[in-house]
Amino acid sequence: MTHWRLRALILLIYVVVGIYVGWVYHYITPGLLKDVAEALLAVFLWFLVLLGIDLHIGG
């Protein structure tokens, strides 16, 4: 395993454990995930927003 792959694996494990801890201690909630998903949709599909398409999830 090359040096950069080992670093990437360690970083991935660190992020996954951080997400788990955030979820368990209620820093990450379903509402937050919904808001982040809506924001990402708006960023990547901005042209649809300009056309008046509503990208809100569940509403």
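This section reports on the structure supplied with the text.

1. What about unusual backbone geometry?
At step 1: Phi is positive for His26, close to 65°, though the residue is something other than glycine.
At step 2: If you trace the backbone, His26 turns up in the loop between helix H1 (3-24) and helix H2 (30-44).
At step 3: On the basis of relative accessibility, which here comes to 64%, the residue His26 falls in the exposed class.

2. A closer look at the packing of aromatic side chains
At step 1: Tallying each qualifying case throughout the model produces one aromatic pair.
At step 2: Between the aromatic rings of Trp46 and Phe47, the centroid separation amounts to 6.0 Å while the plane-to-plane angle is 80°, which identifies the pairing as edge-to-face.

3. Here's the deal with the environment of Leu33
At step 1: Examined against the element boundaries, Leu33 turns out to sit in helix H2.
At step 2: Taking the C-alpha atoms as reference points, Leu33 and Val15, separated by 18 residues in sequence, lie 16 Å from one another.
At step 3: The residues touching Leu33, leaving out its near neighbours within four places in the chain, are Trp23 and Ile28.

So, how was this worked out
Residues numbered from 1 in each chain as written. Predicted model: local features only at pLDDT ≥ 70, side-chain atom pairs only at ≥ 80, totals over all residues. Heavy atoms only, no water. Helix = DSSP H or I, 4+ residues; strand = E, 2+ residues; numbered from the N terminus. Buried < 20%, exposed > 50% of the residue type's maximum accessible area, 1.4 Å probe, protein only. Phe/Tyr/Trp six-rings, centres within 6.5 Å; stacked < 30°, edge-to-face > 60°. Contact = heavy atoms within 4.5 Å.

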